[in-house]
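One letter stands for each residue in the lines below.
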Amino acid sequence: MESVNKLTAISLAVAAALPMMASADVMITEYVEGSSNNKAIEIYNSGTATVDLTGYKLVQYRNGSTVATDMALLDGQTIGAKKLKVIKNPSAALDLAVDVDAIDGSAIYFNGGDAVALVKDGTVVDIIGDVPTPTDWGLDVTLKRKLDALVANTVFNAAQWEQLPKDTFSGLGSLDKTAEPEPPVFSCTGAKIVPIYQVQGAGESSPYIADGTFESEAEVTVRGVVTARGESLFKGFYLQEIKGDNSPYTSDGVFVLLGEAAPAEIQPGVEVCVQGKVTEYFGLTQIDIKTDKKFEVGAKGDVPAPVPFYVADGETLAQALERYEGMNVVLDAGSDLKISRTFSFDYAGKRNNMLVSYQAPLMKPTQLYPALSAEATALVKSNLENQLFIESDYKPADGEIPYFPDFNVETGYIRVGDQLTNLQGVIGYSYGAYRLVATNQITAGDFIRGDDRTDAPSVATKGDIRVASFNVLNFFNDVDGGNTNPSGSNRGALTLEEMVLQRTKIVSAITAMNADIVGLMEIANNGFGEKSAIKDLVDALNDKQTPENAYSFVEIADADKYDGQYFGSDAITVGMLYRGGKVTLAGAAQVIDTPEQHASAGSVTRTKNDKTEVNPGNDAYQRHSLAQAFKIHNESLTVVVNHLKSKGSGCLEDWMNFEDSVDPADQQGKCNAFRVSAAKVLGETLKDVKGGLLVIGDMNAYGMEDPIRVLTDFDASKSDRDIMTASWTTLDGKVFERQGSKIEKGYGLINLNTKAHGVGTYSYSYNGELGNLDHALANTSLANRLVDIEDWHINSVESNLFEYGKKFSGELAKSENAFSASDHDPVIVALSYPAPVVTPTPTPKPKNDGGALGYLGLALISLFGLQRRRR
């Protein structure tokens, strides 16, 4: 008995569960998955009578799903005997003949990973593609049913279908799909060969393309040796001159666009001659031969040796990459390219890749400079010109790096700041960025470590006490029988195994930090009882502590609890741990309410191009802050834990600025004014605190963004731009500010990281840029006690594939160590609180009156003391 393909077996099982068809005069006869919106399905009536299509519809099984989604309802349509009907995307450019019966289907937008079925009254009549559908099964192809196979099937039979190139539309609407004549064999004989470096030129675009256009007027003929094939990310192949012009200003390589995988005979080392127009495709100089396929394959030889890549003095990385566009290069020590984002998902490119930059990882502009300042604006531009994405041609499987097969959590890790060497690849350009498509594999020894892992922060043994801030990345214990939170949602571990791993990693990190007070963010807001997340974490943490170093957690008063048990109404909250053997609680915990924003629908308007719109209704919330005073040797220390509104949310000001669906232009993220409102409340609440004050937490604001400036040293008289609070805010249920107000002066707290290390510190990485979202701000009294402060880089520079969740990491092994315990680095502050020096009180000597009794007394005392010493 023949073995059955696994996918086929699954398809048969799914089909068996589907309703069986009664009859099938109507069937699918063509499937078009072309470029952009060029999507269409052709159906055919093989019967002898007109069919009313009421009850019929086209459905798709999207991206491997076994559940169908409607694409086009055909109610009210008819199809004549032996006739065809084309259902197409409304924006498709198919150039159909005028007599073709075609209708638009608004949801005809299937892709190469979707099976498509024709359904009648819930019963599958005909289907194309397996269910579940393999990835990219029908990508960039036209499939037409063979004339000798006009029989509908409820299980896909690939043998019934003929595959044609992408954007083949000539047969749509006609069963008479005669074979197109074989094109003549192309030859370069007698053609004028143009050197590749001449096609590339020394500028950003080819000299063969006139200004304002994207394509040369005439075709050119070039000859070179294939250095790499492109079958997925770039579909074609790369050609390079055997002998270049030895000029550092022109590239000796070029990409040849086929629009599909190259024929098998086109392999690295093979000489190929091609003829086509030079095009600039979104910044990539290429020779386009996808239509006529004009190429001639020659002899096979050696692949040209990769050229060491370097950035010349005075040029940007982007300018250097333009000089190598299309070439086969190798990154060596002199390339000086550092990891700026470890291997993870690139939302722009919709694939996993890695980002490198020249000389140093990229810093978030508003970490270093105030928003919209000339310096911040310049750094935004500079960062965009200092990026190279490291790619594989095919999308890699979860948890795997194709060019680094030994990627692992213990010895084969990659960290931001590592220098990448010995990787070979070809330089391309897509999605607005340069990309190196790797052609070899590297090992862990090819990464030059910058700031390597440490088992503990250096600050862990400094000072008399240590205070830490730690965002624990949604630590929820729901899967271990924990209490639910007010929203009833679980943002954390999905299985008990994941939850235990997450807890173990957090415990490993906190234990190594050796902090006496720990502020927590993103811990489940499920109370303080036996089944709470904070109790669960403390119990696990104390299993690793000595009795004198055991932790307790701060609990708010019952009167401050939401619904009698929670700290606020969000799914997550802030918390605080402390070692009772090192610090003593001084009074009850204080809840600092933060503002809410409520603007009812229609209460606010915005105007653009003389068109006025009213707001749809805006409600925004942010987590309350937690303050606790401690006594340390009779000295007072107040610690305040915060987690301000996230940058990804939406607030009224974003809507008013037409930035509700785009990133705000000031680079500070959404809800910035709302965070400023919270900073104002914090500043006012804490301005009269006696003794030491330390404000810590994930402020969701980088070092020079408005909320941090408001809490520290902002002075409106010295600023080029105003800092405003949010409008339509309430506080503790009462109106706080109907209109946003201008901040005139900051509240004078001192950024301890800036004080100790300058502004270039970081605890978080986003989109390849580093900065501090996690802060430690102190009043002058506490700042004078600073011994040291450290962002312990166990998370921001590590791969998120090492985190507890398995959703995107495949079979990648995990570790219980502290690295990737979260996505934020902990910030640890060492403080000087020396124990008071006790001066001993001297024992008075007995008086001697000079008499015999006096001398006798001294003698007895002396003798008694001597006897005690001898005993």
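Above this text is the structure in question.
Remember, it's a predicted structure, so these values are computed and weren't measured experimentally.

Draft legend 1. Region of the structure containing the sheet that holds strand β11 (residues 141-145). With respect to topology, six strands assemble into an open sheet ordered β8-β7-β2-β1-β11-β12, the strand pairing being mixed. Two strands bound the open sheet, and with one partner strand each, they are β8 (102-104) and β12 (161-165). Adjacent strand axes in the sheet meet at a mean angle of 25°, parallel and antiparallel pairs treated alike. Of the strand pairs in this sheet, strand β2 (residues 39-45) and strand β7 (residues 84-88) are connected by five bridges, and their pairing is antiparallel. Each residue of the ladder has a partner; that of Ile41, found in β7, is Ile87.

Draft legend 2. Layout of the state of the cysteines. Following the criterion strictly, the structure yields two disulfides and no others. For Cys188, the disulfide goes to Cys273, at an S-S distance of 1.7 Å. Classification of the bridge connecting Cys188 and Cys273 rests on its S-S torsion, roughly -100°, and on that basis the disulfide is left-handed. One end of the pair, Cys188, is in the loop between β12 and α2 (196-200); the other, Cys273, is in strand β16 (residues 270-281), with 85 residues separating them in the sequence. Cys273 sits in the buried class, given a relative accessible area of 2%. The disulfide that involves Cys651 links it to Cys671, with 2.0 Å between the sulfurs. On the S-S bond that ties Cys651 to Cys671, the torsion sits near 100°, and the link is right-handed.

Draft legend 3. Highlighting the environment of Asn525. Residue placement: Asn525 occurs in the loop between β30 (517-524) and α7 (533-542). Separated by 197 residues in the primary sequence, Asn525 and Asp722 place their C-alpha atoms 36 Å from one another. Ignoring anything within four residues of it in the chain, the contact list for Asn525 reads Thr484, Asn485, Pro486, Tyr566, Phe567, Gly568, Ser569, Asp570, Ala571, Ile572 and Thr573. A distance of 2.9 Å separates a polar side-chain atom of Asn525 from the backbone oxygen of Asp570.

Draft legend 4. Local environment of the pairing of strand β10 (residues 123-128). Buried residues dominate β10, accounting for six of its six residues. Summarising the sheet, strand β9 (residues 115-120) and β10 pair through five bridges and their orientation is antiparallel. Paired with Val116 across the strands is Ile128, a residue of β10. The turn joining β9 and β10, which pair antiparallel and follow one another in sequence, is formed by two residues; a positive phi near 50° is taken by Asp121.

Draft legend 5. Fine view of the packing of aromatic side chains. Scanning the model with the defined rule gives 18 aromatic pairs in all. Taken together, a centroid distance of 6.2 Å and an interplanar angle of 25° make the contact between Phe528 and Phe553 stacked. Here Phe528 is found in the loop between β30 and α7, whereas its partner Phe553 is found in strand β31 (residues 551-553), with 25 residues between them in sequence. Judged by relative accessible area, Phe528 falls into the buried class, the value being 15%. Connected via pairs of aromatic rings, a cluster forms that spans Tyr31, Phe110, Trp137 and Phe156. Its end group placed over the ring of Phe658, Lys608 keeps NZ or CZ at 5.2 Å from the ring centre.

Draft legend 6. A look at empty space enclosed by the protein. Across all of its chains, the model carries three cavities of 30 Å³ or more by this definition. The computed volume of the largest cavity comes to approximately 80 Å³. Along the walls of the largest cavity sit 14 residues, with Gly527, Phe528, Ile534, Thr573 and Val574 positioned nearest its centre. Contributing elements (two or more residues each) for the lining of the largest cavity: β30 and β32 (572-579).

Draft legend 7. Quick look at the pairing of β2. With seven of its seven residues buried, β2 lies for the most part within the structure. Alternating positions in β2 separate into two faces, Lys39, Ile41, Ile43 and Asn45 on one and Ala40, Glu42 and Tyr44 on the other, with burial throughout. Bridge count between strand β1 (residues 26-33) and β2: seven bridges; the pairing is antiparallel. Within β2, the position partnered with Glu30 by the bridge is Glu42. If you look at the hairpin formed by β1 and β2, you'll find five residues sitting between the two strands, and Ser36 has a positive phi there, around 50°.

Reading the values: rules and limits
Residues numbered from 1 in each chain as written. Predicted model: local features only at pLDDT ≥ 70, side-chain atom pairs only at ≥ 80, totals over all residues. Heavy atoms only, no water. Pairing = 2+ DSSP bridges. Helix = DSSP H or I, 4+ residues; strand = E, 2+ residues; numbered from the N terminus. Axes fitted to C-alpha atoms, helices over the stretch in contact; angles between N-to-C directions. Disulfide = S-S within 2.5 Å. Buried < 20%, exposed > 50% of the residue type's maximum accessible area, 1.4 Å probe, protein only. Contact = heavy atoms within 4.5 Å. Polar contact = N/O pair within 3.5 Å; in protein donor to acceptor, adjacent residues only side chain to side chain. Phe/Tyr/Trp six-rings, centres within 6.5 Å; stacked < 30°, edge-to-face > 60°. Lys NZ or Arg CZ within 6 Å of the ring centre and 35° of its normal. 1 Å grid on protein atoms, 1.4 Å probe; cavity = no way out; pocket = protein on both sides within 12 Å on 5 of 7 lines; lining within 4 Å. Points joined across faces, edges and corners; volume = space filled by probe spheres on them.

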